[in-house]
Every structure is written in structure tokens, then in C-alpha cells.
Amino acid sequence: MSRRAMIVTGGGRGVGAAVCKLGAAAGYDICVNYLGNTARAESVVAEIRDVGGRAISVQADVADRAQVLRLFERVDDELGPLTALVNNAAIAGKIGRLADADAQMMSDVVDANVKGLFWCSQEAVKRMSTRYGGSGGGIVNLSSGSVSLGSPGEYVWYAASKGAVDSFTIGLGKELAREGVRVNAVAPGIIDTEMHETYGLPDRLERDVESIPMGRAATPEDIAKSIIWLLSDDAAYTTATVVRVAGGR
């Protein structure tokens, strides 16, 4: 079987790290992209290599197009033909109301969550689409249950940026439907990761668990399994689709 390369942005922790490990188990060669925590990214790479997988880590800020170009060139050189991209990297910004939000913080959220999605997907399409000489592949974007809930009083700007992810997924999926590239998104609900503490809601899991019909937050693996399924042949007739994985919330 020919080798398959996967890029996971924000792959050093949380959902991204879970995708990297499950992707390696599914036979992909993995690029663990990360922003700043080298030790965490290298830990994921080491776990994959310890079980016989092939992986590299590449530092790059997806909000910076020049760094994205360097990221994809590293994968071209070190892993080979790209067949899968998981646009996982995202930031939420400081919790609060819109009227009190810092303008630069909101701009940074849009740069990472929307522009980063554009830059990475553009480079992936150039490599995977049959229109440009590629052999096909898949893109999965990380959306959010906040798109429909709006996140009032927390981060409406983040919810809006994820709304852009949904629109982009639907449009690009249709654009590439006859070019061998499927584009989908996963919209998680509340996930048991450190993100809540990082952005100012350390008690969120305890506070909001009763609002989840299934009675628990998702694990990173819950979300990662959905992503790997969307990239697999089992989802061969699925594109331009946003799959909600939120425990019924």
C-alpha cells in the first residue's frame, strides 16, 4: 500500500494529539503541527514512533501564510504525498462579553481560526485535488457546537469564527466533489480538555454537564474517532457535511 501523509494542525495536545495517534494507528504518516510547545509535540511523535509509526513535528503558526507554506513544504520533503489534512488549531480568546473584548484578541481569533483554515486548506487542495495532479484525499475541519448556541457572555467571536468554518466546509466540499477531495467538519460540544481553564472557565465541566443529554463531556478520543471515520473509505459518500458530536447538546 502506498504511504499516506496526514497533517494535524494543533496536534500537540487535546483533540489534535488524539487524532495524530489514531491516524497513525490507521496507517497514516503523521505531521504534528504545533505553535509553541515543542515538548508536547515531540511527546506525541515519540508515542507514534514507539509503536512503529512514522511521524514528524513541525512548528508553524497557521495564521501566518509564510509559515503555512513552510509547513507543507516540510511534509512534501519528509513524508511524501499529502492525503489528509485536519484543521484543528484554534484559539478562543479571553472569556467575556463582546462590549468588553479586546480588539486585537478578537482579530487574533479570526486570524487563527479562519485565515489559518484558508491557508492550510489552499495548500492541501493544490496537493490533493485531481485538478492539480493530485490523487485525492480528505480534509476535516474542527467546527464547534457553539455555532448554533452562540456562546453568549463567553466568546461570541469564537462562535462566529466557527460559523465561518461551517460555511467554508460546505462550499469547499461542493467545489472539490468531483476532484477526489472530500471536505467535512466535526462540531464538538464540551470536551474534557484544558482549554476551559486556559481561557478562564476552569469549572465549566462541572457547571455545564447537566446541559448535556448524555450526562458527560466528550473525551478527545470521542472527537478524534469521528474525524478518522470521515477520512476513511467508510465515509466515501460524505462531503460538504458538518457532523455534530456533542452528546445531544
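Refer to the structure presented above.
Residue positions are counted from 1 within each chain, in the order its sequence is given. Local features in a predicted model are, by the rule used here, given only for residues with pLDDT of at least 70; side-chain atom pairs are given and counted only at 80 or more, and totals for whole chains, interfaces and linings are based on all residues. Computation of side-chain values: all heavy atoms of the structure, hydrogens and water removed.

S.K.: In this structure, what is going on with the packing of helix H1 (residues 14-25) against helix H2 (residues 38-50)? I would like to understand it.
M.R.: Pairs of packed helices are described in terms of their axes, by the angle between the two and the distance that separates them. Lines fitted to C-alpha atoms define the axes here, with helix axes fitted over just the stretch in contact, and angles between the N-to-C directions of these axes take values from 0 to 180 degrees. Numbering of helices and strands runs from the N terminus, with a helix taken as a DSSP run of H or I at least four residues long and a strand as a DSSP run of E at least two residues long. Taken N-terminus to C-terminus, the directions of H1 and H2 make an angle of 20 degrees; their axes are 10 Å apart at the nearest point. Relative to H2, H1 is oriented roughly parallel. When you trace H1 past H2, the crossing you get is right-handed. Seen from H1, the contacting residues are Ala-17, Cys-20, Lys-21 and Ala-24; seen from H2, they are Val-44, Glu-47 and Ile-48. Any residue outside Ala, Val, Leu, Ile, Met, Phe, Trp, Tyr, Cys, Pro, Asp, Glu, Lys and Arg is labelled polar, Gly included; the first ten of those are nonpolar and the last four are charged. Across the contact of H1 with H2, the residue classes break down as five nonpolar, no polar and two charged. Roughly parallel means an angle under 35 degrees; roughly antiparallel means over 145; roughly perpendicular covers 65 to 115; every other angle is labelled oblique. The hand of a helix crossing depends on one turn: near helix anticlockwise from the far one by less than a right angle means left-handed, and clockwise means right-handed. Residue contacts are defined here by distance: any two heavy atoms, one from each residue, within 4.5 Å place the two residues in contact.

S.K.: Would you mind showing me how to read the packing of aromatic side chains here?
M.R.: Given two aromatic rings, one states the distance between the centres and the angle between the planes to describe the pair. Paired rings are identified among Phe, Tyr and Trp, the last through its six-membered ring, by centres lying within 6.5 Å, and are further divided according to the angle between planes into stacked (under 30 degrees), edge-to-face (over 60) and tilted (the rest). All chains considered together, the criterion is met by two aromatic pairs. Between Phe-118 and Phe-168, the ring centres sit 5.2 Å apart and the planes meet at 35 degrees, which makes this aromatic pair tilted. Here Phe-118 is found in helix H4 (residues 103-128), whereas its partner Phe-168 is found in helix H6 (residues 156-175), with 50 residues between them in sequence. Ring geometry for Tyr-155 versus Tyr-158: centroids 5.0 Å apart, planes at 65 degrees, classification edge-to-face.

S.K.: Could you clarify how one ought to interpret the nonpolar core in this entry?
M.R.: Within soluble globular proteins, side chains that are nonpolar tend to cluster in buried spots. Buried Ala, Val, Leu, Ile, Met, Phe, Trp, Tyr and Cys residues form a nonpolar core when they are joined through side-chain atoms within 4.5 Å. Relative accessibility decides the category of a residue: with a 1.4 Å probe and only protein chains considered, values under 20% of the type maximum give buried, values over 50% give exposed, and everything between is partly exposed. One finds Met-6, Val-19, Ile-30, Val-86, Ile-223, Ile-227 and Leu-231 to be the most contacted residues of the largest nonpolar core, which totals 31 residues. Among the elements of the structure, strand S1 (4-8), H1, strand S2 (28-34), H2, strand S4 (82-87), strand S5 (137-142) and helix H9 (220-231) are those that each provide at least two residues to this core. Contact partners of Ile-227, with chain neighbours within four places excluded, come to Val-15, Val-19, Val-86, Val-140, Leu-142 and Val-186. Counting residues in hydrophobic clusters, the runner-up holds 26 residues, among them Ile-7, Ala-124, Val-165 and Leu-172.

S.K.: Mind showing me how you'd approach the pairing of strand S6 (residues 181-188) here?
M.R.: Each regular strand displays side chains that alternate between the two surfaces of the sheet. With eight of eight residues buried, S6 lies mostly within the body of the structure. For two strands to count as paired, DSSP must find a minimum of two bridges between them. Where S5 meets S6, six bridges bridge the pair, whose relative direction is parallel. Each residue of the ladder has a partner; that of Asn-141, found in S6, is Ala-185. Relative to strand S7 (residues 241-245), S6 runs parallel, the two sharing five bridges. Paired with Asn-184 across the two strands is Thr-241, which belongs to S7.

S.K.: Before we go on, may I ask you to explain the environment of Gly-247 in this structure?
M.R.: Here Gly-247 shows up in the segment after S7. The spacing of Gly-247 and Met-128 is 119 residues in sequence and 33 Å in space, taken between C-alpha atoms. Contacts of Gly-247, omitting those with residues within four sequence positions, involve Ile-212, Pro-213 and Met-214.

S.K.: It is not clear to me how H4 should be interpreted in this structure. Could you clarify?
M.R.: Each turn of an α-helix holds 3.6 residues, which means side chains three or four residues apart point in the same direction. Helices are assigned an expected span. That span is 1.5 Å times one less than the residue count. Compared with an ideal rise of 1.5 Å per residue, which puts 26 residues at 38 Å, H4 spans 36 Å between its outermost C-alpha atoms and is within 8% of the ideal. A residue's bend is the angle separating two fitted axes: one through the seven residues that end there, the other through the seven that start there. The sharpest bend along H4 measures roughly 35 degrees and falls at Lys-115. N-capping of H4 is provided by Asp-102, with a side-chain oxygen placed 3.1 Å from the backbone N of Gln-104. Definition of a polar contact: a pair of N or O atoms within 3.5 Å, with one able to donate and the other able to accept a hydrogen when the atoms are protein atoms, and with sequence-neighbouring residues admitted only if both atoms are side-chain atoms.

S.K.: For this particular structure, what's the right way to read unusual backbone geometry?
M.R.: Leaving glycine out, the prevailing phi sign among residues is negative, and the prevailing peptide bond configuration is trans. Positive phi is not limited to glycine here, since Ser-151 has a value of about 55 degrees. With respect to the helices and strands, Ser-151 occurs in the loop between helix H5 (146-149) and H6. In this structure, Ala-240 is a non-glycine residue whose phi angle is positive, near 55 degrees. Within the fold, Ala-240 resides in the loop between H9 and S7.

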